Amino acid sequence: MAGISTASVKTKGYLGALALISVLLGLYWGLWHAPPDAYQGEVQRIMYLHIPSILTAYLSFFLVFIGSCLYLWKREKRDDILAYSAAEIGVLFTALTIIEGSVWGKPTWGVWWTWDARLTLTAILLLIFAGYLMLRSLTEDENRAASAAAVLGIIGFLDIPLIHMSVYWWRTLHQPPSILRPDKAPWDNVHPAMLTALGINFIGFVLLYFYLLSQRFRLGEINEEIKARLLSRNH
Amino acid sequence: MNFLNQTLLLLKKDLILEVRRRENLLTMFFFGTLLLFVFHFSFDLVPERVVEMAPGLLWLAFLFTGTLGLAQLFEAERGNHCLEALLLSPMDRGALFLAKTAFNFILMVLVEIVVIPLFWILFNLGSWDIIPHLFLVVLLGTIGFCVLGTLLSAVTLKARARELLLPLVLFPLMIPVILGTIRCMEAILRAGELGDALPWLRLLIGFDVIFLTVGILIFDWVIEV
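Residues numbered from 1 in each chain as written. Chains lettered and ligands numbered in written order. Predicted model: local features only at pLDDT ≥ 70, side-chain atom pairs only at ≥ 80, totals over all residues.

### Concerning the overall build of chain B
Within chain B, the regular secondary structure consists of ten helices and zero strands. For chain B, the succession of helices and strands along the chain, N to C, is α-α-α-α-α-α-α-α-α-α. With respect to the principal axes defined by its C-alpha atoms, chain B has extents near 55 × 35 × 30 Å. (Helix = DSSP H or I, 4+ residues; strand = E, 2+ residues; numbered from the N terminus.)

### Here we look at the environment of Thr-196 of chain A
Structurally, the position occupied by Thr-196 of chain A is in helix α7 (residues 192-234). Counting along the chain gives 163 residues from Thr-196 of chain A to His-33 of chain A, while the straight-line C-alpha distance between them is 9.8 Å.

### Quick look at the interface of chain B and chain A
Interface size is commonly expressed as the accessible surface area that is lost when the partners come together. Opposite the 25 residues of chain B that make contact, chain A presents 28 residues. Ranked by residues supplied to the side of chain B that touches chain A, first place goes to helix α10 (residues 198-222) of chain B with eight residues. Tallied by class, residues from the side of chain B that touches chain A come to 20 nonpolar, two polar and three charged. (Contact = placed C-beta atoms within 7 Å. Nonpolar A, V, L, I, M, F, W, Y, C, P; charged D, E, K, R; others polar.)

### What to know about helix α2 (residues 47-74) of chain A
In an α-helix, one full turn covers 3.6 residues, which means residues spaced three or four apart are oriented alike. When the terminal C-alpha atoms of α2 of chain A are compared, their 40 Å separation across 28 residues agrees well with the 40 Å that a helix rising 1.5 Å per residue should span. Within two residues after α2 of chain A, Arg-75 of chain A carries a phi angle of roughly 60°, on the positive side. (Expected span 1.5 Å × (residues − 1).)

### Let's talk about the environment of Leu-11 of chain B
All names here are of chain B. Tracing the backbone shows Leu-11 in helix α1 (residues 3-21). For Leu-11, a count of 19 C-beta atoms within 10 Å translates into the label partly exposed. Placed 18 residues apart in sequence, Leu-11 and Phe-29 show a C-alpha to C-alpha distance of 20 Å. When neighbours within four sequence positions are excluded, Leu-11 is seen to be in contact with Ala-99, Ala-102 and Phe-103. (Buried ≥ 20, exposed ≤ 12 C-beta atoms within 10 Å, placed from the backbone.)

### So, α1 of chain B
Residues and elements named next belong to chain B. Across its 19 residues, α1 extends 27 Å between first and last C-alpha, which sits within 8% of the 27 Å expected from 1.5 Å per residue. Along α1, the positions that sit buried rather than exposed are Gln-6, Thr-7, Leu-10 and Asp-14. Looking down the long axis of α1, one finds its buried residues gathered within 105° of arc, a one-sided arrangement. Pointing more than 90 degrees away from the buried face of α1 are the exposed residues Leu-4, Asn-5, Lys-12, Ile-16, Val-19 and Arg-20. On its buried face, α1 sits against α6 (93-122). (Arc of directions from axis to C-beta.)

### Remarks on the packing of helix α3 (residues 47-71) of chain B against helix α7 (residues 131-155) of chain B
Residue and element names in this part refer to chain B. Running from amino to carboxyl end, α3 crosses α7 at an angle of 30°, the nearest separation of the two axes being 10 Å. The angle between the axes of α3 and α7 places the two elements in the roughly parallel class. In this structure, α3 meets α7 at a crossing whose hand is right-handed. Between α3 and α7, the residues in contact are Trp-59, Phe-62, Gly-66 and Leu-70 and Gly-141, Thr-142, Phe-145, Gly-149 and Ser-153, respectively. (Axes fitted to C-alpha atoms, helices over the stretch in contact; angles between N-to-C directions. Parallel < 35°, antiparallel > 145°, perpendicular 65-115°, else oblique. Left-handed = near helix turned anticlockwise from the far one by under 90°.)

### Brief notes about the nonpolar core
Grouped together as the largest cluster of nonpolar side chains are 108 residues, with contacts concentrated most on Ala-83, Val-151 and Leu-152 of chain A together with Leu-148 and Leu-151 of chain B. With 13 residues, the top contributor of residues to this core is α7 of chain B. Beyond its immediate sequence surroundings of up to four residues, Leu-152 of chain A is in contact with Tyr-132 and Leu-135 of chain A together with Val-155 and Val-169 of chain B. Among the nonpolar cores identified, the runner-up in size contains nine residues, and Trp-29, Met-47, Leu-49 and Leu-198 of chain A belong to it. (Core = buried A, V, L, I, M, F, W, Y, C linked by C-beta atoms within 7 Å.)

### Description of the packing of helix α4 (residues 117-138) of chain A against helix α5 (residues 142-170) of chain A
Residue and element names in this part refer to chain A. Look at α4 against α5: their axes get within 10 Å of each other, and the N-to-C directions meet at 165°. Classified by the interaxial angle, the pair formed by α4 and α5 is roughly antiparallel. Judged by the sense of rotation from one axis to the other, the crossing of α4 with α5 is right-handed. Touching Ala-117, Thr-120, Leu-121, Ile-124, Ile-128, Phe-129, Tyr-132, Leu-135 and Arg-136 of α4 are Ala-145, Ala-148, Ala-149, Leu-152, Gly-153, Gly-156, Ile-163, His-164, Val-167, Tyr-168 and Trp-170, all from α5. Of the residues that constitute the contact of α4 with α5, the class distribution is 15 nonpolar, four polar and one charged.

### Considerations on the confidence of the model for chain B
Residue and element names in this part refer to chain B. Confidence along chain B averages 90 in pLDDT terms, with 100% of residues attaining 70 or more. Confidence, read as mean pLDDT per element, is least for helix α4 (residues 75-78) in chain B (83) and greatest for α7 (94). Under the prediction, the complex receives an ipTM of 0.88, its pTM being 0.87. (pLDDT = per-residue confidence, 0-100.)

### A few points about unusual backbone geometry
Residue and element names in this part refer to chain B. One non-glycine residue, Arg-22, lies in the positive phi region at around 55°. With respect to the element layout, Arg-22 can be found in the loop between α1 and α2 (23-42). Exposure remark for Arg-22: the 11 C-beta atoms within 10 Å place this residue in the exposed category. Even without being a glycine, Asn-124 presents a positive backbone phi close to 55°.

Pasting the structure below:
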C-alpha cells in the first residue's frame, strides 16, 4: 500500500492555499473594487458567487458522467471514487447556487422562488443527484452500489438536455445573458472591474473545487485502504 | 434463439405468472380508480374546470399506478435466486430489459383502457370522440415511463427501502415525459388536435427512442449478480 505520499500532500496544500488566496481576492474585487450595478445596486454582487458556483456544479456533473463511463468500462475503483466525490461536491455547489439565487431574487424579482426555466432546471439537477447519493448510501453491496450509481450517473447526464428542452419550452423568464451577448462584446456592456471580479471568482471557485475534490477523493481512497487492510487481517 | 424470441419468451413467463396470480394488475387497477375518487374529493371539479385539469390528473393517476407496478417488477425474480438463474441462462440481457419493459407497459395500458373512460363517466365529460387521439399520446408517454422506469427499477434492485427510493430517482428524470404528455393532452382536449403541441410529441418520441436504445445497450451493467 503506497500510503499518503508527501509530494501529493504538498501539492494539495499549494492548491488549497492558491484557492483561498484567489477566492479572497475575488471577494475583495467583487465586494469593494467593482462598482455597484446600475439598476440592481449592491445586491448584484451576489452574482460574483452565483455564476462561479453553478459553473463548478455543471463541471461536477460532467465529471460524474466521465467517472461513471470509465468505471463501467474499466472497472477501476478510482473512477468510481471520482464519480462519487464529484457528485457530493456537485450537490453542495448546486444547493449553494439555489440559496444565493434566492437571496438575490427576493430584492430583485420580489420573490424567493419563481418557476423560471433555469431555476427549475437547477432544482431538478439537485433532485437527480440527491437521488444518486441516496442510491449509493442505501445500497449495501459496494460493487453493486458502484455500478448502479454509474448507470444512474450516465442516465441522469443523458436526460439533462431533454429536461433542459422541456423546461425551456415550458417557460422562460430568466434575465437574458448580459456578458455573452451576440450584439455586443462583453467589455462594451459590462464594467471591466465587474468582469475582472467575475473572472477572479471563477478561477477561485475552480481551484477551490479541485481542492475539495482532491481531498474527497483521497478520503475515498483511504476508505478503500482500510477495507483492504481489514480484509487481509481477517484472513 | 434470437433476440426477439428471447424477449417474447421472457414476456410470456411474466404474463403467465400474472394471469395466474392477478395481483399486480388488480392492485394497479383499483389504485388508479381510487385516485379518481381522491381527486374528486380534493378538487371541486365542476365540468368547466375538469377539461383544464383532466390532463394533469389523469397523468398523475397513471404515474402513481405505474410506479406501483415498477416497484413489483422484479419481485418474482428476487426470491429463490431466480434472478441469478435467469442471468446464468445464455440470453441477451437487453432481451430481459425489453421483456420487463413490455410487461409493465401491458399492465399500464390495461389500466389506462379502463381508467380513461371511467374518468369521462365520473366527471361527466362530453367529448368522447377525442379519446382515441388522447390515448395515442398517453401510449407514447407510457412507453417513456416504462422504459426509464424499468431501467431504474433494476438500478435500485439491491438497495434497501427500494420502493421508497425508486420514485425518488425516477420522478426528476421523468420530467420531460410528464411535461410532454400533459401538454399534448391539453392541446387535444382544448382543440381536438395537436396543433402547436407538435414539438412536445416529438420530444416524447425522442425520449422513448433514446432511452429504449440506452436501456438495451446498458442493461448488461445494470443487472449483475
